[in-house]
Amino acid sequence: MSLRLGYGTNGLTDLRLDDALGLLADLGYDGVGLTLDHMHLDPLAPDLAARTRQVARRLTGLGLGVTVETGARYVLDPRRKHGPSLLDPDPEARAARTALLVRAVEVAADLGAHAVHCFSGLTPPDTTTDTAWQRLADALAPVLDASDRAGVPLAVEPEPGHLLATLADFHHLRTLLGDPGSLGLTLDIGHCQCLEPAPPVDCVKEAAPWLRHVQIEDMRRGVHEHLPFGDGEIDFPPVLEALASSGYDGLTVVELPRHSHAGPELARSSIDFLRRATGPTNGAAPC
């Protein structure tokens, strides 16, 4: 099977959303990782339903698939990056993040998205690990209920430095929640290189049964910095072959959130790199 390639709008924040989607379609991408943020489909601005319908029409017209991503830095609090999180000590603050994720699920359903991405957040100071895990489980319960109703899986991402940082942590959450059917995994290939004990190709094979979303970029061991392809240490052809053989049929989305200043050029060079890396001479199915 072929990989379906996408590019994240968090790496195209200098472009209007309509222009970004047109660019990706022109470059030959199959879809987009759409981060809900103030510059791209603001989830907190008025007339969300009407704006979502407009984006859905644009995606359909361009033939683009979509995943809804929720990693916007300041969408809820203009002074705290990614705040409040699902682990916030304030119950009302946690509820605000939960409500945003439920809204993201609703948007995803209206867009025909194949998943909604999220992450746990950092463990707050003076918070025990057990308390943090319980907060996470409780805060995600309404989101998982919404995902189940909408038929759109929630894909939790292990994020370096967060409470849920590794594949092992994802399985801990799965067990804690009773393994709900609507809970899946976002696998970030760079994060595997950064901190997982196994190499990225083995992470793909291990994660395959739970994969609902994939993010991809280059990275170096022990350094959480999203890099353009070729600037890090990852050997991509076997990783992409493992993905293509895994049964995963969602988008594989390039994530370069700190490179928007060069977004159009990196979108072009990224798809060229991935096409070469998945070509027949590398043993993987062609895109």
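The structure this text deals with has already been given above.
Conventions we followed
- Residues numbered from 1 in each chain as written.
- Predicted model: local features only at pLDDT ≥ 70, side-chain atom pairs only at ≥ 80, totals over all residues.
- Heavy atoms only, no water.
- 1 Å grid on protein atoms, 1.4 Å probe; cavity = no way out; pocket = protein on both sides within 12 Å on 5 of 7 lines; lining within 4 Å.
- Points joined across faces, edges and corners; volume = space filled by probe spheres on them.
- Helix = DSSP H or I, 4+ residues; strand = E, 2+ residues; numbered from the N terminus.
- Nonpolar A, V, L, I, M, F, W, Y, C, P; charged D, E, K, R; others polar.
- Buried < 20%, exposed > 50% of the residue type's maximum accessible area, 1.4 Å probe, protein only.
- Disulfide = S-S within 2.5 Å.
- Expected span 1.5 Å × (residues − 1).
- Bend = angle between axes of the 7 residues up to and from the residue.
- Phe/Tyr/Trp six-rings, centres within 6.5 Å; stacked < 30°, edge-to-face > 60°.
- Axes fitted to C-alpha atoms, helices over the stretch in contact; angles between N-to-C directions.
- Parallel < 35°, antiparallel > 145°, perpendicular 65-115°, else oblique.
- Left-handed = near helix turned anticlockwise from the far one by under 90°.
- Contact = heavy atoms within 4.5 Å.
- Core = buried A, V, L, I, M, F, W, Y, C linked by side-chain atoms within 4.5 Å.
- Pairing = 2+ DSSP bridges.

Chemist: Kindly report on empty space enclosed by the protein, identifying the contributing residues and their values.
Modeler: Taken as a whole and judged by the stated rule, the model has one cavity of 30 Å³ or more. Within this model, the largest cavity holds a volume of roughly 50 Å³. Taken together, Pro-158, Ala-165, Leu-187, Asp-188, His-191, Cys-192, Leu-195 and Glu-196 form the lining of the largest cavity. Within the residue set of the lining of the largest cavity, elements represented by two or more residues are strand E6 (183–188) and helix H6 (189–195). It is H6 that provides the largest number of residues to the lining of the largest cavity, a total of three residues. Classifying every residue of the lining of the largest cavity by side-chain character gives five nonpolar, one polar and two charged.

Chemist: Any details on unusual backbone geometry? Residues and values, ideally.
Modeler: A cis amide bond links Gly-83 to the next residue, Pro-84, at an omega of -15°. Within the chain, Asp-47 stands out as a residue other than glycine whose phi angle is a positive 60°. Take Asp-47: it is sitting in the loop between strand E2 (31–35) and helix H2 (48–62). Here Asp-47 falls in the exposed class, since its relative accessible area comes to 58%. For Asp-179, which is not glycine, the phi dihedral falls at a positive 55°.

Chemist: I'd love a proper account of the state of the cysteines, names of residues and values included.
Modeler: Scanning all chains against the criterion turns up zero disulfides. Cys-192 takes part in no disulfide bond, and the closest cysteine sulfur to it belongs to Cys-203, at a distance of 3.7 Å. Assessed through its relative accessible area of 2%, Cys-192 is described here as buried. Given a relative accessible area of 1%, Cys-203 falls into the buried group.

Chemist: How would you sum up helix H4 (residues 129–150)? Please name residues and give values.
Modeler: Compared with an ideal rise of 1.5 Å per residue, which puts 22 residues at 32 Å, H4 spans 31 Å between its outermost C-alpha atoms and is within 8% of the ideal. The sharpest bend along H4 reaches about 35° and sits at Ala-141, with the proline Pro-142 one to four residues further on. Within the span of H4, buried status applies to Ala-132, Trp-133, Arg-135, Leu-136, Ala-137, Ala-139, Leu-140, Val-143, Leu-144, Ala-146 and Ser-147. Gly-151 sits one or two residues past H4 and shows a positive phi near 70°.

Chemist: Before we move on, could you go through the packing of aromatic side chains and cite the residues and values that matter?
Modeler: In total, this model carries four aromatic pairs according to the counting rule given. When the ring of Tyr-7 is compared with that of Tyr-29, the centres are 5.8 Å apart and the planes differ by 70°; the resulting orientation is edge-to-face. Of the two residues, Tyr-7 is situated in strand E1 (residues 4–8) and Tyr-29 in the loop between helix H1 (17–27) and E2; the sequence distance between them amounts to 22 residues. The pair Tyr-7 / Tyr-29 is uniform in exposure class, with both members buried. Where Phe-229 meets Phe-236, the ring centres are 5.1 Å apart and the plane angle is 85°; that geometry is what we call edge-to-face. By the burial criterion, Phe-229 is buried, and Phe-236 matches it.

Chemist: So what's going on with the packing of helix H3 (residues 91–111) against H4? Residues and values would help.
Modeler: In contact at an axis separation of 9 Å, H3 and H4 are set at 20° when each is read in the N-to-C sense. Regarding the angle of H3 to H4, the classification is roughly parallel. Judged by the sense of rotation from one axis to the other, the crossing of H3 with H4 is right-handed. Of the residues in H4, those in contact with Arg-94, Thr-98, Leu-101, Val-102, Val-105 and Ala-109 of H3 are Arg-135, Ala-139, Leu-140, Pro-142, Val-143, Ala-146, Ser-147 and Ala-150. Of the residues assigned to the contact of H3 with H4, the class counts are 10 nonpolar, two polar and two charged.

Chemist: Provide a residue-level description of the nonpolar core, including the pertinent values.
Modeler: Ranked by internal contacts, the top residues of the largest apolar core, which has 77 residues, are Tyr-7, Leu-41, Leu-111, Leu-136, Leu-140, Ile-189 and Phe-236. Excluding anything up to four places from it in sequence, Leu-140 contacts Leu-86, Leu-101, Cys-118, Leu-154 and Leu-173.

Chemist: Residues and numbers for the pairing of strand E10 (residues 251–254), please.
Modeler: Burial along E10 is two-sided: the face carrying Leu-251 and Val-253 and the face carrying Thr-252 and Val-254 are both buried. Relative to E10, E1 runs parallel, the two sharing four bridges. Paired with Tyr-7 across the bridge in E10 is Val-254.

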